[in-house]
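# Observations on the model geometry
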Amino acid sequence: DRYWGRQFLPFLELPAMIMCLVILNHLIGCGWSLLGRLDVTDTGFRWMDEQLSWQTEETIAHQSVFFQWSTAVHWAITQMTPGSMSVQPANSVERIYNILCLLIGTIFFSSIVSRLSVKLTQLHETRRKTARSINRLSRHLRHAEVSTNTVIMATQYLSERLRLNEESALLDAKVVSALPEKMQISLHFEMYRKQMLHP
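Residues numbered from 1 in each chain as written. Predicted model: local features only at pLDDT ≥ 70, side-chain atom pairs only at ≥ 80, totals over all residues. Heavy atoms only, no water.

### Re the packing of aromatic side chains
Under the counting rule described, the total for this entry stands at five aromatic pairs. Each ring, one from W75 and one from Y97, has its centre 6.1 Å from the other, and the planes form 15 degrees; the classification is stacked. Here W75 is found in helix α3 (residues 65-78), whereas its partner Y97 is found in helix α4 (residues 92-143), with 22 residues between them in sequence. For W75, a relative accessible area of 1% translates into the label buried. Taken together, the aromatic side chains of W32, W47, W75 and Y97 make up a single cluster linked through ring pairs. (Phe/Tyr/Trp six-rings, centres within 6.5 Å; stacked < 30°, edge-to-face > 60°. Helix = DSSP H or I, 4+ residues; strand = E, 2+ residues; numbered from the N terminus. Buried < 20%, exposed > 50% of the residue type's maximum accessible area, 1.4 Å probe, protein only.)

Below, the structure written as structure tokens:
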């Protein structure tokens, strides 16, 4: 259904955005993990040389590849969110990489929030316009003293067309042109029956 698809479109895009975020963090984490293994350092230390805790002398470099990867991805996620962790850059190369990741994270995270906000705003605006158009139609027909049953049929029909994104001109006298021919005849008869009966 096109209507419900349009209503839930912002939420359907959310999983795709999350997947892009996961892939990006994986790539950034792989780069961070690679830097922890390289000997390119001006301080003699790398982030993998950090001890796991004060109770042991083992470092991250002594752990499994999976632990190193998960730690790197965790670090990458904290560059795009308000989260934090104990792993920090230990040399100038890692520090520069950290700065670049913070810039990328700020842009990417802001774009996701902005895109979702725009989608939700558009959804709210569409609903508001639909309700306003139906109200104007109802007022116009009631002002023309059209019967309640005909008003209900007309508003229901146009409400469905608006849901299908087939908006028609709903301004004053032009409102009737969006209705089926038989319904237009019925409306015209009721709107002008007084003139026909009392010339």
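### Here we look at α3
Relative to the 20 Å expected for 14 residues at 1.5 Å per residue, α3 spans 20 Å between its end C-alpha atoms, a close match to the ideal helical length. For α3, the set of buried residues is Q68, T71, A72, V73, W75, A76 and T78. (Expected span 1.5 Å × (residues − 1).)

### Regarding a nonpolar patch on the surface
Taken together, the side chains of L14, I18, M19, V22, I23 and L27 define a hydrophobic patch exposed on the protein surface, amounting to about 540 Å² of accessible area. Structurally, M19 is set in helix α2 (residues 9-37). (Patch = residues over 30% accessible without salt bridge, like charges linked within 9 Å, V, L, I, M, F, W, Y side chains within 5 Å. Areas by Shrake-Rupley, 256 points an atom, 1.4 Å probe, with all protein chains shown as cover. Salt bridge = Lys/Arg side-chain N within 4 Å of Asp/Glu carboxyl O.)

### Some remarks on the environment of R128
Among the structural elements, R128 can be located in helix α4. Residue R128 is classed as partly exposed on the basis of its relative accessible area, which comes to 36%. Polar side-chain contacts of R128 include one of 2.4 Å to the side chain of E125. (Polar contact = N/O pair within 3.5 Å; in protein donor to acceptor, adjacent residues only side chain to side chain.)

### A word on the pattern of salt bridges
The final tally for this structure, using the stated rule, is two salt bridges. For D49, the salt bridge goes to R46, with nearest N and O atoms at 3.3 Å. Under the relative-accessibility criterion, D49 is labelled partly exposed at 25%. Note that R128 and E125 form a salt bridge whose closest N and O atoms lie 2.4 Å from each other. Placement of the pair is R128 and E125 together in helix α4, with a separation of three residues, close to one helical turn. For E125, a relative accessible area of 29% corresponds to the partly exposed category.

### Things to note about the nonpolar core
Ranked by size, the top nonpolar core spans 14 residues in total, and within it I28, W32, W47, W75, V87 and Y97 carry the most contacts. Contacts of I28, omitting those with residues within four sequence positions, involve W75, A76, M80, Y97 and C101. Counting residues in each nonpolar core, the second largest holds five residues, with L137, L141, V146 and V151 among its members. (Core = buried A, V, L, I, M, F, W, Y, C linked by side-chain atoms within 4.5 Å. Contact = heavy atoms within 4.5 Å.)

### Regarding a positive patch on the surface
On the surface, a cluster of positive charge is contributed by K129, R132, R136 and R139. Within the fold, R132 resides in helix α4. (Lys, Arg positive; Asp, Glu negative; His and termini not counted. Charge placed at Lys NZ, Arg CZ, Asp CG, Glu CD.)

### A look at the environment of G29
By the secondary structure assignment, G29 is in helix α2. Linking G29 and A72, residues 43 residues apart in sequence, is a C-alpha distance of 4.5 Å.

### Some words on the confidence of the model for the chain
For the chain, per-residue confidence averages 77 on the pLDDT scale, and residues scoring 70 or more make up 73% of the total. The least confident element of the chain, judged by mean pLDDT, is helix α1 (residues 2-7) at 52; the most confident is α3 at 93. Confidence over residues 166-173 falls short of pLDDT 50; this stretch has 16 contacts with residues more than four positions distant or in other chains. The low-confidence segment residues 194-199 (pLDDT under 50) makes two contacts with residues lying over four places distant or belonging to another chain. (pLDDT = per-residue confidence, 0-100.)

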